Amino acid sequence: MAQKTTKKRPDISGKKFEAMENAEILNSIVLDPGMNPKLSGYRKYKGWAYIGGMTGLTYGEEVAAFQVLYNKMIDEGTITGKKIKEDGKYSSETSVAIKNLQRQINEKTGMGILVDGYFGIETWSGTYALLTGDTRLLSAVMGKEPAKVGAEVPKKKIKEESGEKKEPLEEFTSKAGKVTKKSSPNEKFDWKKEYSKGLEERGIVEKDDYGNYQLTGNAKAYLEEYNKAQKKDWKVTESDLEGAINNPSGFKNRHAKAIEYIIKGYEKWVVGTPEEGFPGAGEGRGWEYAPPEYERKPLIPPEIYAQLTDEEKRKADSIPDIIAKEKDEEAKRKMLATLEALMGASDYAKLQMLKNDILPGDVRKNLIQLGEKLKG
């Protein structure tokens, strides 16, 4: 008789996360089962998976990422507590650690998230608040303003703000905005290395095997869209733009305007802040904004956006405002159901939904009617 064998779990530890920045680690804790097929079947609430619980995510890299981040927060003095094992297992020790983090989030922000030992969107957003001092995302998830703001802003950030120093890409867009059609397209533009790093953090460029910056797929689509509307002197090829980014001595006004257009394209369709973001459905107490992400991702990919007519683009651009300004809660729930379906659809299905179901006629009415069908 053949001996029965048992499948051994792969060795998952926190080693791969140890050299990462806190922001990178937090962004590695993926709670959306749609982004990680391996999470299908785990306990979910309103579409979102948890770390922890009897049928939640109990083993894997997301758990290891939390463990490493928790220990780093203790080392850096962000929270107090006893360090835990970084083995990728949701043990009783990890559950106690999550509860400790949740208590300290409540102490520092006064928001009252559930102290249940499960790491969901409330705890994700609270951790973001402790790391950055920014409670806006947590407020959006909880649906209320903080009673007090006790999260400390990192010293580096305080130093920058006290000197009123702009973020690299804010500084760039301010300078690029002064370049007009009356400017010479080939006049030299002062491009700094910090701008390239900012583009990389935004996901507009990435480094190849040789350490050179190259445009990502979405950025290429925006560049193509930009060139369609430009006169010959202002057009920029992909290789020309990449060459200018990698060799700032050759950076010119026409490159600056192309980059400015790409940045604005990314900002148009991203998960954002309560004041100006795109509302979505998440886990927690009711319908709130989509979970915060350090690495901002387009909700309508530029490849799809580029296939819309000018009128369709105008209507698509109005969707965030339509949903955000809707006062009828039931109507908003239906709109959000439509939005959630749109976000989870394939590129082909996304384009068909936009062109056939959402954008023709009254967009608000279409969002509600389609959401009603999806909900039941």
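Coordinates for the structure precede this section.
How each quantity is defined
Residues numbered from 1 in each chain as written. Predicted model: local features only at pLDDT ≥ 70, side-chain atom pairs only at ≥ 80, totals over all residues. Heavy atoms only, no water. Helix = DSSP H or I, 4+ residues; strand = E, 2+ residues; numbered from the N terminus. Buried < 20%, exposed > 50% of the residue type's maximum accessible area, 1.4 Å probe, protein only. Contact = heavy atoms within 4.5 Å. Areas by Shrake-Rupley, 256 points an atom, 1.4 Å probe, with all protein chains shown as cover. Core = buried A, V, L, I, M, F, W, Y, C linked by side-chain atoms within 4.5 Å. Salt bridge = Lys/Arg side-chain N within 4 Å of Asp/Glu carboxyl O.

1. Re the overall build of the protein
No. 1: If you tally the helices and strands in the protein, you get 16 helices and four strands.
No. 2: In the protein, which comprises 376 residues, the share counted as buried stands at 48%.
No. 3: Relative to all contacts within the protein whose residues are 6 or more apart in sequence, the contacts with residues 24 or more apart total 60%.
No. 4: Split by element, the accessible area of the protein, about 20,100 Å² in all, is 49% carbon and sulfur.

2. Re the side chain of E225
No. 1: Assignment of secondary structure puts E225 in helix α9 (residues 217-228).
No. 2: For E225, a relative accessible area of 13% gives the class buried.
No. 3: When sequence neighbours within four positions are dropped, the list of residues in contact with E225 reads Y261, Y305, A306 and K313.

3. What about the nonpolar core?
No. 1: Core analysis: the biggest nonpolar cluster contains 36 residues, and L26, I29, I51, F66, Y70, L101 and F119 have the highest contact counts within it.
No. 2: Of all the secondary structure elements, the ones that give two or more residues to this core are α1 (22-28), α2 (61-75), α3 (92-109), α4 (121-132) and α5 (136-142).
No. 3: In terms of residues, this core owes the most to one element, α2, which gives nine residues.
No. 4: For F66, the contacting residues outside a window of four places in its chain are I29, I84, T94, A97, I98, L101 and F119.
No. 5: Listed in part, the 27 residues of the second largest apolar core include Y195, V236, A244 and I245.

4. Focus: the environment of G112
No. 1: Summarising the element assignment, G112 is placed in the loop between α3 and α4.
No. 2: For G112, a relative accessible area of 36% translates into the label partly exposed.

5. A short note on the pattern of salt bridges
No. 1: For the coordinates displayed, the defined rule picks out 13 salt bridges.
No. 2: Between K192 and E171 there is a salt bridge; the shortest N-O distance is 3.0 Å. A residue pair is termed long-range when its members are at least 10 positions apart, and K192 in the loop between α7 (168-176) and α8 (193-202) and E171 in helix α7 qualify at 21 residues.
No. 3: Residue E171 is classed as partly exposed on the basis of its relative accessible area of 23%.
No. 4: Note that E225 and K313 form a salt bridge whose closest N and O atoms lie 3.7 Å from each other. Within this pair, whereas E225 is found in helix α9, its partner K313 is found in helix α13 (residues 310-325), the two being separated by 88 residues in sequence. As far as burial versus exposure is concerned, E225 and K313 are alike and both buried.
No. 5: Within this structure, K257, E260 and K264 form a network of salt bridges that share partners.

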